[in-house]
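Here's the letter readout for the chains.
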Amino acid sequence: MTYRSKEKPAMYVPRKGCRFCIDKDLTIDYKDVKGLQKFISNYGRIESRKRTGNCVKHQRKVALAIKRARILALLPYVNK
Ligand SMILES: [Zn+2]
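Predicted model only: the values in this text are computed from it and were never measured.

(A) Quick look at the overall build of the protein. Across its full length, the protein carries four helices and zero strands. Ordered by position from the N terminus, the helices and strands of the protein form the series α-α-α-α. Contacts spanning at least 24 positions in sequence make up 56% of the contacts within the protein whose residues lie at least 6 apart. Summing over all exposed atoms, the protein offers an accessible surface of approximately 6600 Å²; the carbon and sulfur share of this is 54%.

Shown next as structure tokens:
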């Protein structure tokens, strides 16, 4: 899992480290639909930490933000 290519990664390449820890300017916001969509699958499920590469702290924040966005109907619960 240490493989990292110089090319643009094809969708889900595990990165080293959490993107929120690396980039302090990145924020997790339930109103930021575009940003949260990176963390849900095609079927509307929240992606696992293995997929997103987030740390525990930020993955929990992302999950919470997605759940809030779902309540506000910004994100789907299921996507068929
Ligand atoms: Zn983090």
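Don't stop here, the text continues.
(B) Summary view of the coordination of the zinc ion. Of the protein atoms, only Cys18 (SG), Cys21 (SG), Cys55 (SG) and His58 (ND1) coordinate the zinc ion, at distances of 1.8 to 2.4 Å. Coordination at the zinc ion is tetrahedral: its four donor atoms span angles of 101 to 116 degrees at the metal. The motif formed by the donor residues of the zinc ion, counted along the single chain, is C-x2-C-x33-C-x2-H. In this pair, Cys21 is assigned in helix α1 (residues 19-22) and His58 in helix α4 (residues 56-71), connecting sequence segments 37 residues apart.

(C) View of α4. Given a rise of 1.5 Å per residue, 16 residues ought to cover 22 Å, and the 23 Å separating the end C-alpha atoms of α4 matches this to within 8%. The inward-facing, buried residues of α4 contact α1, α2 (33-36) and α3 (49-52). One or two residues past the end of α4 sits Ala73, with phi positive at roughly 60 degrees.

(D) Representation of the packing of aromatic side chains. Scanning all chains against the criterion turns up one aromatic pair. A centroid spacing of 5.8 Å and a plane angle of 35 degrees characterise the contact between Phe20 and Phe39, whose relative ring orientation is tilted. Taken as a pair, Phe20 in helix α1 and Phe39 in the loop between α2 and α3 lie far apart in primary sequence, 19 residues in all. For Phe20, a relative accessible area of 7% translates into the label buried. The class of Phe39 is buried, set by a relative accessible area of 3%.

(E) Examining the nonpolar core more closely. Counting residues in each nonpolar core, the largest one holds 10 residues, listed as Cys18, Phe20, Leu36, Phe39, Ile40, Val62, Ala65, Ile66, Ala69 and Leu75. Per element, the largest residue contribution to this core is four residues, and it comes from α4. When residues no more than four places from it in sequence are discounted, the contact partners of Ala65 are Ile28, Asp29, Tyr30 and Leu36.

(F) Representation of the environment of Ala69. Along the chain, Ala69 falls in helix α4. In this structure Ala69 comes out as buried when scored by relative accessible area, which is 0%. As a C-alpha pair, Ala69 and Lys31 span 38 residues in sequence and 6.7 Å in three-dimensional space.

What counts, and at which threshold
- Residues numbered from 1 in each chain as written.
- Predicted model: local features only at pLDDT ≥ 70, side-chain atom pairs only at ≥ 80, totals over all residues.
- Heavy atoms only, no water.
- Helix = DSSP H or I, 4+ residues; strand = E, 2+ residues; numbered from the N terminus.
- Contact = heavy atoms within 4.5 Å.
- Areas by Shrake-Rupley, 256 points an atom, 1.4 Å probe, with all protein chains shown as cover.
- Donors = N, O, S within 2.8 Å, 3.2 Å for Na, K, Ca; no water.
- Tetrahedral: all angles 85-135°; square planar, octahedral: opposite > 155°, others 65-115°.
- Expected span 1.5 Å × (residues − 1).
- Phe/Tyr/Trp six-rings, centres within 6.5 Å; stacked < 30°, edge-to-face > 60°.
- Buried < 20%, exposed > 50% of the residue type's maximum accessible area, 1.4 Å probe, protein only.
- Core = buried A, V, L, I, M, F, W, Y, C linked by side-chain atoms within 4.5 Å.

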